[in-house]
Amino acid sequence: MLKRQLPMLIVSIVGLIMTIQYFIPHPFSETIYNYALDWLIIIGIFAMPLGIYSMVHIHVQKVSRRQAGWGYSVVALLGLFVMLVLGWTPDCLKDGTFFMRLFEFVYIPIQATMFSLLAFYITSAAYRAFRARNVLATIVLVSAIIVMLGRIPIGEAISPHIPEVADWIMNVPNMAAQRSIMIGLGLGAAAIAMKIVLGIERSYMGMD
Amino acid sequence: MTFVDRLLNVDRRIIYLLVFVAAVIPFLFPVDIEIKVTPEVRSIYNFIENHPEGTVMMLASDYDPQTQAENDPQARAMMRHMFRKGHKVIVMALSQDGAALTEMMTNSVSKEYGKRYGEDYVYLGYKPYPNIIILSMGEDFRLSYPKDYYNTKLDELPMMRNIKNYDDLAGVLEVGGGNVSTMWITSAVERYNVKLAVAVTAVSGPQYYANLQAGQLFGLMGGLKGAAEYEMLLKDEYIRLKAPLKAIQGMNVQNFVHVLIILLTIIGNIAFFYKKRIGS
């Protein structure tokens, strides 16, 4: 009873209250909403130590069992604790502190490098896999080339119509596809929410 | 192995080298390029331009180092424009990796204009769980941000004394590389009728055209191209400040790399069809 029905009952009651309050523009409804927001922040804070515990636990296990790639786990743990300790030092966010130097000259370049590598991979992938094998693939290929050209100044230098066609592709076919995805996602999310409130969907409690 | 086979099985390191060369050439031989300004970028410019001096606006800087190359020029361009017009700016960050980046950007642009902290701009800093923060700011900024990034109470900052929630802002300009922009639309626009424009990465750009056409956004700045368009609109200001036109310079690189990708794709297809024809 306590393990199954009670959490479902709480979820159903809270879900119903929050759905109803959205449509009632009254101070009492606003109070409920603010109260729920406070709870959201409080519950959210609990997730953070849980995440840190989970990360430390996984990496400590990996190191103690000498699993493949355990050296990376040592680096991950070192990174976590060094930044955690330095983050507690007073004025750590001021310019020139060791904490900020690590952030500025280690973390930022690493992150930027990871993302910029995409340009190399995309070019290689486009060369190897972007083939006009059938009609649909040809449409995608031609559209991609037009949009790529339309998004750079040289496209307009070749012909002023290229950016116009690129804009049309973005504003008509692209938007139609995006809209259908968004509407599908929205309906799906509403259906899932309703199933959770009604107690039909229970996977969030580890049940089928 | 025929020439076509070699072409189809070219070592990927050669392609990487070509990309590297295409990215470096524009730095060595920069070309003066003209960039056409799109209506979605111009409407952000007009929004900032047409509000009277002293209007309070928010710059939600939700990007991190990964997308800094695209988002940082966007944020700087809008920030410079707001300061040039004499607007007051509330800056905040909803990306944990972006809090320090945003502070660097805010400090450097505010110095260019000699703006005073607490009177002309404030930096609220980072708080986790973006959707909750966006919702709670609709009620009161103090719910999520009782203090600013520097641990000063919001009520002690002169600029913030009469500002409670989104109702006291002309609008929000959001710069992001992830799905936080969507949260702004669903939580701030739909629930609190916030006037919102987003500046996103080129990859994310296409998904926001639907929101733009639906009127949920009044402006959209997509990727480095969007930033370059904004820099074109503020070119004289950048020259006056001697600030680097980073996005316009970046478009030179994009010019070369996009052309390279298109050429390689065409060559790959020609080789593919030639091989197919010979094979059949």
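Residues numbered from 1 in each chain as written. Chains lettered and ligands numbered in written order. Predicted model: local features only at pLDDT ≥ 70, side-chain atom pairs only at ≥ 80, totals over all residues.

A. Examining the overall build of chain A more closely. Helix and strand counts for chain A come out as seven helices and zero strands. Reading chain A from its N terminus to its C terminus gives the helix and strand order α-α-α-α-α-α-α. A compact globule built from 208 residues would reach a C-alpha radius of gyration of about 17 Å, whereas chain A, at 26 Å, exceeds it by more than 25%. When contacts within chain A are restricted to residue pairs at least 6 apart in sequence, those whose partners lie at least 24 apart make up 17%. (Helix = DSSP H or I, 4+ residues; strand = E, 2+ residues; numbered from the N terminus. Rg over C-alpha atoms; globule rule 2.2 N^0.38 Å. Contact = placed C-beta atoms within 7 Å.)

B. Seen up close, the overall build of chain B. When helices and strands are counted, chain B shows 12 helices and six strands. Across its three principal directions, the C-alpha atoms of chain B cover 75 × 40 × 35 Å. When each of the 280 residues of chain B is scored for burial, the buried share is 49%. (Buried ≥ 20, exposed ≤ 12 C-beta atoms within 10 Å, placed from the backbone.)

C. Examining the sheet that holds strand β6 (residues 219-222) of chain B more closely. All names here are of chain B. Strand order in this open sheet of six strands is β3-β2-β1-β4-β5-β6, and the pairing throughout is parallel. Two strands bound the open sheet, and with one partner strand each, they are β3 (121-126) and β6. The sheet shows a mean angle of 15° between the axes of neighbouring strands, direction not considered. Sheet analysis places strand β1 (residues 56-62) next to strand β2 (residues 88-93), joined by five bridges and oriented parallel. Counted as the bridge partner of methionine 58 is isoleucine 90 from β2. On the sheet, helix α3 (residues 39-50) packs against β4 (171-176), β5 (196-200) and β6 and is oriented at approximately 120° with respect to β6. Along the sheet face, helix α4 (residues 68-84) touches β1, β2, β4, β5 and β6 and points at about 170° away from the line of β1. (Pairing = 2+ DSSP bridges. Axes fitted to C-alpha atoms, helices over the stretch in contact; angles between N-to-C directions.)

D. View of the domain arrangement of chain A. What the domain assignment lists for chain A is domain 1 (91-129) and domain 2 (131-203). One C-alpha centre belongs to domain 1 of chain A, the other to domain 2 of chain A, and the line joining them spans 28 Å. (Domains from an automatic or database assignment.)

E. Broad picture of the pairing of β2 of chain B. Residue and element names in this part refer to chain B. With six of six residues buried, β2 is to be regarded as a mostly interior element. For the segment spanning β1, α4 and β2, crossover handedness is right-handed. With four bridges connecting them, β2 and β3 associate as parallel partners. Directly across from valine 91, in β3, lies its bridge partner tyrosine 123. (Right-handed = clockwise from strand over helix to strand, strands pointing away.)

F. Just the interface of chain A and chain B, in detail. Contact with chain A, which involves 40 residues of that partner, is made by 43 residues of chain B. Looking at the side of chain A that touches chain B residue by residue, the class counts come to 27 nonpolar, eight polar and five charged. (Nonpolar A, V, L, I, M, F, W, Y, C, P; charged D, E, K, R; others polar.)

G. Molecular detail of the packing of helix α4 (residues 98-129) of chain A against helix α2 (residues 12-28) of chain B. Taken N-terminus to C-terminus, the directions of α4 of chain A and α2 of chain B make an angle of 125°; their axes are 9 Å apart at the nearest point. Relative to α2 of chain B, α4 of chain A is oriented oblique. The chirality of how α4 of chain A crosses α2 of chain B is right-handed. Where α4 of chain A abuts α2 of chain B, its residues Ala119, Phe120, Thr123, Ser124 and Tyr127 of chain A lie against Arg12, Ile15, Tyr16 and Val19 of chain B. A per-class count over the contact of α4 of chain A with α2 of chain B returns six nonpolar, two polar and one charged. (Parallel < 35°, antiparallel > 145°, perpendicular 65-115°, else oblique. Left-handed = near helix turned anticlockwise from the far one by under 90°.)

H. Molecular detail of the nonpolar core. Ile44, Leu59, Met78, Trp184, Leu196 and Val198 of chain B are the most contacted members of the largest nonpolar core, which totals 98 residues. Leave out the neighbours within four places in its chain, and isoleucine 44 of chain B touches Met78, Leu173, Ala197, Gly219 and Met221 of chain B. (Core = buried A, V, L, I, M, F, W, Y, C linked by C-beta atoms within 7 Å.)

I. Representation of α4 of chain A. For α4 of chain A, which comprises 32 residues, the first-to-last C-alpha distance of 45 Å matches the rise-based estimate of 46 Å (1.5 Å per residue) to within 8%. Where α4 of chain A bends most, the angle comes to about 30°, and this point is tyrosine 107 of chain A, followed within four residues by the proline proline 109 of chain A. Of all the positions in α4 of chain A, only Phe99, Phe103, Thr123, Ser124, Ala126 and Tyr127 of chain A are classed as buried. Elements in contact with the buried residues of α4 of chain A: α3 (70-88) of chain A together with α2, α5 (99-113) and α12 (246-279) of chain B. (Expected span 1.5 Å × (residues − 1). Bend = angle between axes of the 7 residues up to and from the residue.)

J. Summary view of unusual backbone geometry. Despite not being glycine, arginine 66 of chain A shows a phi value in the positive range, around 50°. Mapped onto the elements, arginine 66 of chain A comes out in the loop between α2 (27-64) and α3. Unusually for a residue other than glycine, asparagine 151 of chain B sits at a positive phi of about 70°. In this fold, asparagine 151 of chain B is placed in the loop between α7 (141-144) and β4.

K. Layout of the confidence of the model for chain A. Averaged over chain A, the pLDDT score is 88; the fraction of residues at 70 or greater is 99%. No element of chain A has a lower mean pLDDT than helix α6 (residues 153-158) of chain A, at 86, and none a higher one than α3 of chain A, at 93. (pLDDT = per-residue confidence, 0-100.)

L. View of the packing of α4 of chain B against α5 of chain B. All names here are of chain B. Where α4 contacts α5, the two axes come as close as 10 Å, and the packing angle between them is 35°. When the axes of α4 and α5 are compared, the crossing they make is right-handed. Mapping the contact onto sequence places Gln68, Asp72, Ala75, Arg76, Met79, Arg80 and Phe83 in α4 and Leu101, Met105, Val109 and Tyr113 in α5. Of the residues belonging to the contact of α4 with α5, the class tally is seven nonpolar, one polar and three charged.

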